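# Examining the three-dimensional arrangement
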Amino acid sequence: MGFFELNYSQGDYCYCGPDDPYRYPNLHYIGFGGGMDYPIRKSNLYAHLGGILHVIVGSPEDKYHFVIYKIGLSYRLGKPKNAVLP
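The structure reproduced in this document is the subject of the present report. Not measured: the values here are computed from a predicted model.

Evaluation of the coordinates by the stated rule reveals one disulfide. Each disulfide pairs two cysteine sulfurs, and for Cys 14 the partner residue is Cys 16, the sulfurs being separated by 1.5 Å. Handedness here is read from the sign of the S-S torsion; for Cys 14 and Cys 16, about -65°, the answer is left-handed. Of the two residues, Cys 14 and Cys 16, neither departs from the other in class, the shared state being buried.

Written as structure tokens, this is what we have:
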């Protein structure tokens, strides 16, 4: 199963200028990403692979985007949904 992600977050992690990364107060980020969940043996356990690009909006100057990659396991609560696997 594939998915897309869009988010908004606030923090202080800045890839800005020649001294990056450093802390800069009150930054706002817009995140765009996606990934895949692959079921493991008709259970609620899924292998998870994805990534998200964070864009710093507003100040400061000379800001750069950064990507966070994710790999791991996901567990879904509730009744398992049996997927049709190739």
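Ordered in space as S1-S2-S3-S4, the four strands form an open sheet in which the pairing is antiparallel. Of all the strands in the sheet, just strand S1 (2-14) and strand S4 (66-75) have a single pairing partner and so form its edges. Mean inter-strand twist for the sheet, computed between neighbouring axes without regard to direction, equals 25°.

Core analysis: the biggest nonpolar cluster contains six residues, these being Cys 14, Cys 16, Leu 27, Tyr 29, Ile 56 and Phe 66. In this structure Cys 16 touches Tyr 22, Ile 56, Pro 60, Glu 61, Asp 62, Lys 63 and Tyr 64, once residues within four positions along its chain are discounted.

The subject of this paragraph is a nonpolar patch on the surface. Together, Leu 6, Phe 32, Leu 53, Val 67 and Tyr 69 make up an exposed nonpolar region whose accessible area comes to about 540 Å². By the secondary structure assignment, Val 67 is in strand S4. On the accessibility criterion, Val 67 (40% relative accessible area) is partly exposed.

Here the focus is the pattern of salt bridges. Pairs may arise between side chains of opposite charge once their charged atoms sit close together. As enumerated under the stated definition, the model contains three salt bridges in all. Here Arg 23 and Asp 12 are joined by a salt bridge, their closest N and O atoms 2.6 Å apart. On the criterion of sequence distance, the pair formed by Arg 23 in strand S2 (residues 22-39) and Asp 12 in strand S1 is long-range, its members being eleven residues apart. When its relative accessible area of 28% is taken as the criterion, Asp 12 is described as partly exposed. The closest approach of N and O atoms between Asp 37 and Arg 76, which form a salt bridge, is 2.7 Å. Of this pair, Asp 37 sits in strand S2 while Arg 76 sits in the segment after S4, and the two are 39 residues apart along the sequence. Under the relative-accessibility criterion, Asp 37 is labelled buried at 5%.

Next up on the list: the side chain of Ser 74. Following the sequence through the fold, Ser 74 ends up in strand S4. Sequence-distant contacts of Ser 74, that is, excluding residues within four places in its chain, are made with Asp 37, Asn 44, Leu 45, Tyr 46 and His 48.

Thresholds applied
- Residues numbered from 1 in each chain as written.
- Predicted model: local features only at pLDDT ≥ 70, side-chain atom pairs only at ≥ 80, totals over all residues.
- Heavy atoms only, no water.
- Disulfide = S-S within 2.5 Å.
- Buried < 20%, exposed > 50% of the residue type's maximum accessible area, 1.4 Å probe, protein only.
- Pairing = 2+ DSSP bridges.
- Helix = DSSP H or I, 4+ residues; strand = E, 2+ residues; numbered from the N terminus.
- Axes fitted to C-alpha atoms, helices over the stretch in contact; angles between N-to-C directions.
- Core = buried A, V, L, I, M, F, W, Y, C linked by side-chain atoms within 4.5 Å.
- Contact = heavy atoms within 4.5 Å.
- Patch = residues over 30% accessible without salt bridge, like charges linked within 9 Å, V, L, I, M, F, W, Y side chains within 5 Å.
- Areas by Shrake-Rupley, 256 points an atom, 1.4 Å probe, with all protein chains shown as cover.
- Salt bridge = Lys/Arg side-chain N within 4 Å of Asp/Glu carboxyl O.

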